[in-house]
Amino acid sequence: MEKLIKSLLLGLVILCTNSALATETPLLMDGKKTLYQRVLSTPDARLYESPEASVLLNEILPFSVLYVYQKKQDWIKVGYGSFGDTAGWVQRAQTIIWNQALTVSFKDPQNIQRVMLFDSKDKLQTLVESYDTEAYQALYESAVKGDVGSDFPVIAIQPEAHIDIRQDFYLVPIKQHEDVYLGNEQARLLEIASVPLQDEPSHTTAIAASQKSRSYRSGIHFVIDSTASMGPYINRTREAVAKVYSAIEEQGLNNQVSFGLTAYRDNIDQVPELEYLVRPYVSLKQGTDVKQFFNHVNELSPSDVSSRDFREDAYAGIKSAIEDTDWNEFDARYVILITDAGPRESHDSLGSTRLSAQALRQLAYDKGVSIWVLHLRAQSSAANHEKTESLYKELSYYPGIGHFYYGVQLAEVNEFGLVLEVLANQITQQVLATTNGVPLIPLREETETNLDEASSRLSQLQIRVAKLGNALRMRYIQKKSGEPLPTVFNAWMVDKDFENPERSTVDVRVLLTRDQLSDLKSVMQQVLELAEEGVLSPKSFIEDLKSLAATVSLDPSAVAGSTSGSGANLADMGYMREYIEDLPYTGEVMNLTLESWEAWSAKVQIEFMHRLESKITYYQALHDHTDLWVTPGGGPINGNSVFPVSLDLLP
Amino acid sequence: MSTLSESILIAPQRNPLFWAGLVVAGLILFIFLGSNRNGLEGPVDKKVSEQEQAVVSLPNNESIDRNLPISPGMGARKIIESTRNTGKPYPLIEIFKHAKAYQKNGSLADSHLLYFFTAREGHLESIMQMALMSDPTQFSAGNSLLDQADAVQAYKWYQKAALVGYQPAIDSVQNLRQWALDEAELGNAYARQLLLNLK
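Residues numbered from 1 in each chain as written. Chains lettered and ligands numbered in written order. Predicted model: local features only at pLDDT ≥ 70, side-chain atom pairs only at ≥ 80, totals over all residues.

**Student:** Just checking my understanding: could you explain the pairing of strand β14 (residues 257–264) of chain A for this structure?
**Tutor:** The two faces of a sheet get side chains in turn, since along a regular strand they alternate between them. Residue and element names in this part refer to chain A. Among the eight residues in β14, eight count as buried, and that is most of the element. Alternating positions in β14 separate into two faces, V257, F259, L261 and A263 on one and S258, G260, T262 and Y264 on the other, with burial throughout. Inspection of the sheet shows strand β13 (residues 218–225) paired to β14 by eight bridges, in the parallel sense. When the sheet's bridge partners are listed, I220 is paired in β14 with F259. Each parallel crossover has a hand, and for β13 linked through helix α5 (residues 231–250) to β14 it is right-handed. In terms of strand pairing, β14 meets strand β15 (residues 278–282) through four bridges, oriented antiparallel. Its bridge partner being in β15, Y264 is matched across the sheet by V278. (Buried ≥ 20, exposed ≤ 12 C-beta atoms within 10 Å, placed from the backbone. Helix = DSSP H or I, 4+ residues; strand = E, 2+ residues; numbered from the N terminus. Pairing = 2+ DSSP bridges. Right-handed = clockwise from strand over helix to strand, strands pointing away.)

**Student:** I tried to follow helix α8 (residues 167–185) of chain B on my own but got confused; where do I start?
**Tutor:** Turn by turn, an α-helix covers 3.6 residues, leaving residues three or four places apart pointing in a common direction. All names here are of chain B. Under the 1.5 Å per step criterion, the end-to-end length of α8 is 28 Å for 19 residues, consistent within 8% with the ideal 27 Å. For α8, the set of buried residues is A169, S172, L176, W179 and A180. One side of α8 holds all its buried residues, which, seen down the axis, span an arc of 100 degrees. Residues Q167, D171, Q174, Q178, D182 and E185 are exposed on α8 and point more than 90 degrees away from its buried face. Buried residues belonging to α8 abut α6 (124–134), α7 (151–163) and α9 (189–198). Looking one or two residues past α8, G187 carries a phi angle of roughly 95 degrees, positive in sign. (Expected span 1.5 Å × (residues − 1). Arc of directions from axis to C-beta. Contact = placed C-beta atoms within 7 Å.)

**Student:** Would you mind going over the pairing of strand β26 (residues 642–646) of chain A with me for this structure?
**Tutor:** All names here are of chain A. Of all five residues in β26, five are buried; the element is thus mostly enclosed. Burial along β26 is two-sided: V642, P644 and S646 facing one way and F643 and V645 facing the other are all buried. In this sheet, β26 lies alongside strand β25 (residues 506–513) in antiparallel orientation, the contact comprising five bridges. Opposite T513, over in β26, you have V642 as the bridge partner.

**Student:** Where do I start with the packing of helix α12 (residues 514–536) of chain A against helix α18 (residues 602–624) of chain A in this structure?
**Tutor:** Angle between the axes and distance between the axes: these two values describe a pair of packed helices. Residue and element names in this part refer to chain A. Packing of α12 against α18 brings their axes to within 9 Å, and their N-to-C directions diverge by 155 degrees. On the basis of their axis angle, the class for α12 and α18 is roughly antiparallel. Of the two elements, α12 crosses α18, and the hand of that crossing is left-handed. The segment α12 lies against α18, with R514, L517, S518, L520, K521, M524, Q525, V527, L528, A531, E532 and V535 engaging A602, Q605, I606, M609, L612, E613, K615, I616, Y619, Q620, L622 and H623. A breakdown of the residues in the contact of α12 with α18 according to their chemical character gives 14 nonpolar, five polar and five charged. (Axes fitted to C-alpha atoms, helices over the stretch in contact; angles between N-to-C directions. Parallel < 35°, antiparallel > 145°, perpendicular 65-115°, else oblique. Left-handed = near helix turned anticlockwise from the far one by under 90°. Nonpolar A, V, L, I, M, F, W, Y, C, P; charged D, E, K, R; others polar.)

**Student:** Can you help me understand the sheet that holds β13 of chain A in this one?
**Tutor:** To summarise the sheet geometry, strands pair through backbone hydrogen bonds and adopt either a parallel or an antiparallel arrangement. Residue and element names in this part refer to chain A. The six strands are arranged β15-β14-β13-β17-β19-β22 in an open sheet whose pairing can be described as mixed. A single partner strand is all that each edge strand has here, and the edge strands are β15 and β22 (405–409). Across this sheet, the average inter-strand angle for adjacent strands is 20 degrees, counted without regard to direction. Of the strand pairs in this sheet, strand β19 (residues 369–377) and β22 are connected by five bridges, and their pairing is parallel. Within β22, the position partnered with H375 by the bridge is G407. Relative to β13, α5 is tilted by about 170 degrees, and along the sheet it contacts β13, β14, β17 (332–339) and β19. Where helix α9 (residues 385–395) meets the sheet, it contacts β19 and β22, and its direction lies at approximately 165 degrees from that of β19.

**Student:** Quick question: what am I supposed to make of the confidence of the model for chain A here?
**Tutor:** Low-pLDDT stretches of the model should not have their predicted coordinates read in fine detail. All names here are of chain A. A residue-level look at chain A finds 83% of positions with pLDDT of 70 or above and a mean pLDDT of 81. Segment residues 200–214: pLDDT under 50, and 15 contacts once partners within four positions in sequence are set aside and those in other chains are kept. Within the model, the stretch residues 437–451 combines pLDDT values under 50 with 36 contacts to residues more than four positions away or in other chains. (pLDDT = per-residue confidence, 0-100.)

**Student:** Please clarify how the confidence of the model for chain B should be interpreted in this entry.
**Tutor:** Residues and elements named next belong to chain B. In this model, chain B carries an average pLDDT of 75, and 64% of its residues clear a pLDDT of 70 or more. Here residues 1–13 scores under 50 on pLDDT; set against residues more than four positions off or in separate chains, the count is 33 contacts. In the model, residues 31–68 has pLDDT below 50 throughout and makes 63 contacts with residues more than four positions away in sequence or in other chains. Model confidence for the complex is summarised by a pTM of 0.63, with the ipTM given as 0.71.

**Student:** What should I look at first to understand helix α2 (residues 121–130) of chain A in this one?
**Tutor:** Residues and elements named next belong to chain A. Burial in α2 covers these residues: L124, L127 and V128. Angularly, the buried residues of α2 cover 100 degrees about the axis, an arc narrow enough to put them on a single face. In this structure, α2 carries D122, E129 and S130 as exposed residues pointing more than 90 degrees from its buried face. Downstream of α2 by one or two residues, Y131 has phi in the positive range, about 45 degrees.

**Student:** Could you clarify how one ought to interpret the sheet that holds β25 of chain A in this entry?
**Tutor:** Residue and element names in this part refer to chain A. Sheet architecture is open: three strands sit in the order β8-β25-β26, paired in antiparallel fashion. Sheet topology places β8 (102–106) and β26 at the edges, where each strand pairs with a single neighbour. The sheet shows a mean angle of 45 degrees between the axes of neighbouring strands, taken without regard to direction. As defined by bridge partners, β8 adjoins β25 across five bridges and the pair is classed as antiparallel. Looking at the pairing, V104 lines up with V508 of β25. Packed on one face of the sheet, α12 meets β25 and β26 and runs near 95 degrees to β25.

**Student:** Is there a simple way to explain the environment of S130 of chain A in this structure?
**Tutor:** Its location among the elements puts S130 of chain A in helix α2. Separated by 53 residues in sequence, S130 of chain A and G183 of chain A have C-alpha atoms that sit 8.5 Å apart.

**Student:** Help me understand the nonpolar core in this model?
**Tutor:** Taken as a class, soluble globular proteins show a tendency for nonpolar side chains to be buried jointly. All names here are of chain A. Ranked by internal contacts, the top residues of the largest apolar core, which has 136 residues, are L117 and M493. Per-domain counts for this core show at least three residues from each of domain 1 (24–97) and domain 3 (511–649). With sequence-adjacent residues up to four places away left out, L117 is seen in contact with V154, I155, A156, I157, M474, A491 and M493. Membership of the second largest hydrophobic core comes to 56 residues, among which are I224, V282, F404 and V408. (Core = buried A, V, L, I, M, F, W, Y, C linked by C-beta atoms within 7 Å. Domains from an automatic or database assignment.)

The following block contains the structure:
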């Protein structure tokens, strides 16, 4: 019996081992021991079950980071993580090779010129080498105005509004880089890949688009707070929708954009005079027809009595809109909440849903619905604004894009109406763009835009609407009649401000996984501890550093041979990590030689330690802020989650 | 996203010709005005002279023997070595007094090293001294080896003292938080980094 049990256990162990060994791992990069091959998906990329392209599994969020597991002719097998969880096959032509994982984040263009993207390296290089600021300025002015001819060297320009990469993750992959001098400053020419964003289509384009309708449909369901204070905004919403309906008719998209409306109030057990908690007025099906929409919506009026406090049960209205709407007929799905009150969260005994913002967002996400919030901020509830804003931002957060929250001062009925019209029109334009097979989302012309706070916030929200997955769209300015826009384009840029080359216009970043950052922090922490001891008692520091190198290096045998020379730096000694090895940066920690450390005064050693500690503290804080990390393919934060770390912050 | 200390840590790189010009100008200035705040290498000013003459004192003696010229920090290192050789418990109060004496005499490298040593061993006054020497709201170049304040260092040391319930340190952490909030508004990258640590 005992023998039998032992045999069974042995069999089980073998089975487990085999299945563990059978787990696929991604392909390693050439010459690397731990770094896997990675690609980014283009906007037209699709996942298939097999290379024959017979069974379509799914679309891929544009510019998703994918690990390469297998290659077969024109196909590659990919996964969102490196732990063996493959997602399917994708055509190679629908990916961008991205092994170095370098990306660009744009600085706020408020005090700096927007970055111009050139169609060829040569044209940009000539300009940089001659450092012809007048010629550059002339190009810039034309690019901003969009006043360009077919031989204009600039094909796109950075969006006018600023998107903070910490809040709204995006990728602008760097394909190549080259060091140059811009005036007296060292700079880099960068070849990047991006997705085009074009000006509003001409009337003829719109008609052409409508003639080849492909029945792509958008459903926009308004969820309106209909308590006493909301009267003016209900009327303005009607007015805004009427305008958008007119635009839809003009563009021949009558059946392709539909509006619905649900009103909500608050707990009627507490205040029975409110009459209802949730009341659907128009379904998306009815809202395809403008007459039906207004027949129903004209019945909507605000309540005569006030609700109990500054919170109302917005989640009840949203939940009803998500669950009671037949979304199947719609490709793009939006719920737009319009309210002047905070929501009743899961712990609020007067709330009917008992859902948190996160849970409700998940409910929407599961149905492919994105929630937008227009929050009318009343002076009387100012104390609650911060909390309310935070909840609505969480509710309206869409993975890979960011939140869709917009706050308006309560008295600003016109601003509210404008925002509603702009956003609804933008959705309509997306329908038009998709119908036309061309990704074009209009942004307001700069000349129309006063850079006051409201318009700046609106521009930011519009860019989020226009963002495509992880791709930040660049305003595409090169117009060649008859040629469709590319889904992705390559372009060259310089990373310094032409007018003032001491200032950077972008940060060059490397996309590190959380595991890589954790490893980097751990190794640097050990170096710091040795350095602290070395500052106090220098005698054994060098030997201790060599011993540590042998334990942290991925190749201890190579380390043994490389550390004999006193001119060896930390990178040579084995402290370098593969994921930062070939990057275009010069870190003072990795370049530290034993010779220079010994020659330094105590002061210089201490200053070096402080800079190292500052970076380690940053790594730790970054690691702990899980809200900053993005998990490719969605899901909880794990070791494969990524964050773009500035090269300047590498050791 | 110009985040955290991203603009702090790396100086812009310039054309070598620019640097060559700067070196020539620097040499001219050096020849005529020759000065070195810290006396790390080369010719020395009066303050540095004092530093270099500072030597190891005997235990339990606050006076500094100025007979043997040695480089900044060497005196402190000898005290630390001798202390470690004697073994624990270390006379932290005595070493703190030495640090004070070095500071008073302008031997800032020696005082910094001794404060650092005793602070690492948990000596509360030394911890507070390390914090004060880096605190951007208290910083005085005359008392600190560092050329500028370092909010991350200040926070680290205040936090250490605050964790054992030392009220002045708790107050200072709050003060530093307010400083970081105000400065971050103005675009101070050091303050932004500190705020990320504080969140």
